[in-house]
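A closer look at the structure
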Amino acid sequence: MALLLLYYSFLIARADWLSEERTRQSILAAIRLFPDNSLFYRDWAEIEPADSLMALRQAAVVNPLNPNIRIELGMSAEKAGNLGEAEASLIEAVALERTGAPRGILAEYYFRRHEVEKFWPAARDGLDHSYYDMTTLFEDCWNLSSDSNLILERAIPNRATVLIAYPDFLMLRNRLDAAKPVSDRPCRVRLADLKKRASHSWQR
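Thresholds applied
- Residues numbered from 1 in each chain as written.
- Predicted model: local features only at pLDDT ≥ 70, side-chain atom pairs only at ≥ 80, totals over all residues.
- Heavy atoms only, no water.
- Helix = DSSP H or I, 4+ residues; strand = E, 2+ residues; numbered from the N terminus.
- Buried < 20%, exposed > 50% of the residue type's maximum accessible area, 1.4 Å probe, protein only.
- Lys, Arg positive; Asp, Glu negative; His and termini not counted.
- Salt bridge = Lys/Arg side-chain N within 4 Å of Asp/Glu carboxyl O.
- Polar contact = N/O pair within 3.5 Å; in protein donor to acceptor, adjacent residues only side chain to side chain.
- Contact = heavy atoms within 4.5 Å.
- Core = buried A, V, L, I, M, F, W, Y, C linked by side-chain atoms within 4.5 Å.
- Axes fitted to C-alpha atoms, helices over the stretch in contact; angles between N-to-C directions.
- Parallel < 35°, antiparallel > 145°, perpendicular 65-115°, else oblique.
- Left-handed = near helix turned anticlockwise from the far one by under 90°.
- Nonpolar A, V, L, I, M, F, W, Y, C, P; charged D, E, K, R; others polar.
- Phe/Tyr/Trp six-rings, centres within 6.5 Å; stacked < 30°, edge-to-face > 60°.
- Lys NZ or Arg CZ within 6 Å of the ring centre and 35° of its normal.

1. A word on the side chain of Arg159
Assignment of secondary structure puts Arg159 in the loop between α10 (148-154) and α11 (160-172). Buried charge Arg159 goes without a salt bridge, the closest partner of opposite sign being Asp128 at 4.7 Å. A polar side-chain atom of Arg159 sits 2.6 Å from the main-chain carbonyl oxygen of Leu127.

This is how it looks when you write it as structure tokens:
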């Protein structure tokens, strides 16, 4: 048993050393040693762009629950012109990850493809889950439409974080008229949230 563990440790060290060489041959050698390590396939995709789609497909097979692999696969598939696979992979990333990151990337995919009807709900979902900078999605909305009411209705969720960030975005771009309809909404959202919490506490 001790010899077996020692041999296994040697294989791990050998595979890691090969992957750090960052050549096609060394990465493939590392994969032969540990074909179930998705990181090696991602390394392969990074150093050999021509092989990235094939490598990332295999990474997704090896590690099907990793949303980052699905995102990388989706972007690689889009670059290769495999749009059906690209969309499906990004949608899978959204299903695997609760945060706004994959949702924003899916919305940006629809924006690049000018798939307007799919973009609006994806952008709204991205903003509804985002805890980071929302500027890119706001800009995408305005690049697709100059109708502030349409953007407010279709893309801006009734969420205090967004309703604070969005007017700031508009004012920085001198769109003061568009900021007016949302300028007082964060207070109402906070009040509604407080009432909801108070109701839950009372029921307990």
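2. Comments concerning the pattern of salt bridges
If you walk through the whole model with that rule in mind, you get nine salt bridges. Residues Arg57 and Glu85 are paired through a salt bridge, measuring 2.8 Å at the closest nitrogen-oxygen approach. Taken together, the residues span a long stretch of sequence, with Arg57 in helix α4 (residues 52-62) and Glu85 in helix α6 (residues 83-96) at a distance of 28 residues. Residue class for Glu85 comes out partly exposed when judged on its relative accessible area of 24%. Two residues, Glu78 and Arg112, come together in a salt bridge whose shortest N-O distance is 2.7 Å. Of this pair, Glu78 sits in helix α5 (residues 67-79) while Arg112 sits in helix α7 (residues 101-113), and the two are 34 residues apart along the sequence.

3. Considerations on unusual backbone geometry
Of note in the backbone geometry, His114 takes a positive phi value of approximately 55 degrees without being a glycine. Unusually for a residue other than glycine, Asn174 sits at a positive phi of about 60 degrees. Relative to the helices and strands, Asn174 resides in the loop between α11 and α12 (176-179). Relative accessible area serves as the criterion here: at 62%, Asn174 is assigned to the exposed category.

4. Some remarks on the environment of Met134
Within the secondary structure, Met134 is located in the loop between α8 (116-129) and α9 (135-144). With 35 residues separating them in the primary sequence, Met134 and Phe169 have C-alpha atoms 9.0 Å apart. Met134 has contacts with Leu127, Arg159, Thr161, Val162 and Ala165, leaving out every residue within four places of it along the chain.

5. Concerning the nonpolar core
Residues Phe138, Ile151, Ile156 and Tyr166 are the most contacted members of the largest nonpolar core, which totals 46 residues. In contact with Tyr166, not counting residues within four places along its chain, are Phe138, Trp142, Ile151, Ile156 and Val182.

6. Re the packing of α5 against α6
Contact geometry for α5 and α6: axes closest at 8 Å, N-to-C directions at 160 degrees. Comparing the axis directions of α5 and α6 gives the class roughly antiparallel. Where α5 crosses over α6, the two elements pack in a sense that is left-handed. Residues Pro67, Arg70, Ile71, Leu73, Gly74, Ala77 and Glu78 of α5 form the contact with α6, whose participating residues are Leu83, Glu85, Ala86, Ser89, Leu90, Glu92, Ala93 and Leu96. Class assignment for the residues of the contact of α5 with α6 results in nine nonpolar, two polar and four charged.

7. Digging into the packing of aromatic side chains
As enumerated under the stated definition, the model contains six aromatic pairs in all. Taking 5.0 Å as the distance between ring centres and 50 degrees as the angle between the ring planes, the aromatic pair formed by Phe138 and Tyr166 counts as tilted. In this pair, Phe138 is assigned in helix α9 and Tyr166 in helix α11, connecting sequence segments 28 residues apart. Judged by its relative accessible area of 2%, Tyr166 falls in the buried class. Ring pairs connect the aromatic residues Phe111, Phe119 and Trp120, which therefore count as one cluster. The residue whose ring lies beneath Arg175 is Trp142, and the NZ or CZ to ring-centre distance is 4.2 Å.

Shape is all these values report; function is a separate question.
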